[in-house]
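Topology and contacts: notes
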Amino acid sequence: MNVLSKIEYFISNFIKYIRSGGVTYLSISYTNYGNVLANKTILITGGSSGIGSAIAKKFLSAGAKVIVCGRDSVKLNALSNELANENLFTEVWDLSDFTGLEEKYAQIVHKHSKIDILINNAGIAVNKSLSQINFDDWDSVMSTNLKSAYFLSKYFGEINTTKSDSTRKIVNISSLNSVVAYPGPYSISKSGLNILTSSLAKIYTEKNILVNGIAPGYTATGMTRQNTIYNAYRNDSLNKRIGLPEDVAELALFLASDASNHIIGQTIFIDGGQSVQ
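Residues numbered from 1 in each chain as written. Predicted model: local features only at pLDDT ≥ 70, side-chain atom pairs only at ≥ 80, totals over all residues. Heavy atoms only, no water.

Helix and strand counts for the protein chain stand at seven helices and seven strands. Counting from the amino terminus, helix and strand elements in the protein chain follow one another as α-β-α-β-α-β-α-β-α-β-α-β-α-β. A buried classification covers 45% of the 277 residues belonging to the protein chain. Within the protein chain, residue pairs in contact and separated by at least 24 positions form 72% of the contacts whose partners lie at least 6 positions apart. A total of about 14000 Å² of accessible surface is found on the protein chain, and carbon and sulfur atoms cover 52% of it. (Helix = DSSP H or I, 4+ residues; strand = E, 2+ residues; numbered from the N terminus. Buried < 20%, exposed > 50% of the residue type's maximum accessible area, 1.4 Å probe, protein only. Contact = heavy atoms within 4.5 Å. Areas by Shrake-Rupley, 256 points an atom, 1.4 Å probe, with all protein chains shown as cover.)

Structure, rendered in structure tokens:
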């Protein structure tokens, strides 16, 4: 980071300190699970950056074969170059476009023989007030955040070229905003995703498919534009820090592994205690 950038960060964090009254520096440990996901094939939607890419990295470290899909080929290529892992595969796929959705999913399954774990992570938000939201805003958010998860989960239960007695998993990435009363399509889509999680769990468990969700609080991603290098302070969480994509990835790996096989139909909040205040 050059001198100008350091000055900008210093000024930004000084202003943040004055406004919110605190500074938090991060020192976090992460679990080494070994090859707990060996021989597993995982599909992650919206995985080219942020939470999705953190999950991809964590799953690769656990021995999984990971397929990451996203709309931006440049970001996907950057992720491939960064990780340089022979078990990482990418697919350019805009999940808001439902033309040939089932066929595209079936092609991916056929190409990789099976999908053991589906991570419904793709999500977008529109930063507008109720009076500013239009039909296109609503449809875009709902299609990406909820409709795609619904139908991919449907196909996940119906299409698989390789039969297996092992437990398969769906993990839906929701949000703390799913339980916050706000009339925007993002919050409503994530609330719907919570209901989808519990509903699918009821009908899929007998198929040996376990469904759970994760609801992150405010997390440092490109969407939130929050940098944690110099200050991870967050006043509205009990531990006074912002979440990291890696925090979510830790929980995602646990839910994807057989260690969590008695957890079914739950949406687990990972938000520094924001949801209990």
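Taken N-terminus to C-terminus, the directions of helix α5 (residues 135-158) and helix α6 (residues 185-204) make an angle of 10°; their axes are 9 Å apart at the nearest point. Taken together, α5 and α6 sit at an angle that is classed as roughly parallel. Each of Trp-138, Val-141, Met-142, Asn-145, Leu-146, Ala-149, Tyr-150, Ser-153, Lys-154 and Gly-157 in α5 lies in contact with α6, whose residues at this interface are Pro-185, Tyr-186, Ile-188, Ser-189, Lys-190, Gly-192, Leu-193, Leu-196, Leu-200 and Tyr-204. In terms of residue class, the contact of α5 with α6 is built from 13 nonpolar, five polar and two charged. (Axes fitted to C-alpha atoms, helices over the stretch in contact; angles between N-to-C directions. Parallel < 35°, antiparallel > 145°, perpendicular 65-115°, else oblique. Nonpolar A, V, L, I, M, F, W, Y, C, P; charged D, E, K, R; others polar.)

Here we come to the nonpolar core. Grouped together as the largest cluster of nonpolar side chains are 28 residues, with contacts concentrated most on Leu-37, Ile-42, Ile-55, Phe-59, Val-66, Ile-119 and Ile-214. Elements that contribute at least two residues to this core include exactly β1 (41-45), α2 (50-61), β2 (65-70), α3 (73-83), β4 (117-120), β5 (168-173) and α7 (245-256). No other element matches α7, which puts seven residues into this core. Ignoring any residue separated from it by four or fewer positions in sequence, one finds Phe-59 in contact with Leu-37, Ile-42, Ala-64, Val-66, Ile-119, Ala-252, Leu-253 and Ala-256. If you look at the next biggest cluster of nonpolar residues, it comprises 25 residues, including Leu-43, Leu-101, Phe-156 and Leu-193. (Core = buried A, V, L, I, M, F, W, Y, C linked by side-chain atoms within 4.5 Å.)

The next point concerns the packing of aromatic side chains. Counting across every chain of the model gives three aromatic pairs. Judged by centre distance (6.4 Å) and plane angle (35°), the rings of Tyr-105 and Tyr-155 are tilted. In this pair, Tyr-105 sits in helix α4 (residues 101-112) while Tyr-155 sits in helix α5, placing the two residues 50 residues apart along the sequence. Taken as a pair, Tyr-105 and Tyr-155 share a single burial class, namely buried. Residues Phe-151 and Tyr-155 carry aromatic rings whose centres are separated by 6.3 Å and whose planes lie at 40° to one another, so their mutual orientation is tilted. With a gap of four residues between them, Phe-151 and Tyr-155 both fall in helix α5, about one helical turn apart. Taken together, the ring pairs connect Tyr-105, Tyr-150, Phe-151 and Tyr-155 into an aromatic cluster. (Phe/Tyr/Trp six-rings, centres within 6.5 Å; stacked < 30°, edge-to-face > 60°.)

As a further point, take the environment of Ser-178. One can find Ser-178 in the loop between β5 and α6. Note on Ser-178: relative accessible area 7%, which makes it buried. The residues touching Ser-178, leaving out its near neighbours within four places in the chain, are Ser-187, Lys-190, Ser-191, Asn-194 and Phe-269. A distance of 2.8 Å separates a polar atom in the side chain of Ser-178 from a polar atom in the side chain of Asn-194. (Polar contact = N/O pair within 3.5 Å; in protein donor to acceptor, adjacent residues only side chain to side chain.)

Attention shifts here to the pairing of β2. Most of β2 sits inside the fold, with five of its six residues counted as buried. Strand direction decides the pairing type here: β1 and β2, joined by five bridges, are parallel. Bridge pairing links Thr-41 to Lys-65 in β2. As for the winding sense of the linkage, the β-α-β connection from β1 through α2 to β2 is right-handed. Bridge count for β2 against strand β3 (residues 88-92) is five bridges, and the pairing is parallel. Looking at the pairing, Val-66 lines up with Leu-88 of β3. (Pairing = 2+ DSSP bridges. Right-handed = clockwise from strand over helix to strand, strands pointing away.)

We now examine the side chain of Asn-121. By the secondary structure assignment, Asn-121 is in the loop between β4 and α5. Within the local environment of Asn-121, its side chain forms a polar contact with the backbone oxygen of Gly-46, the two atoms lying 2.7 Å apart.

Taken by themselves, the reported measurements are silent on function.
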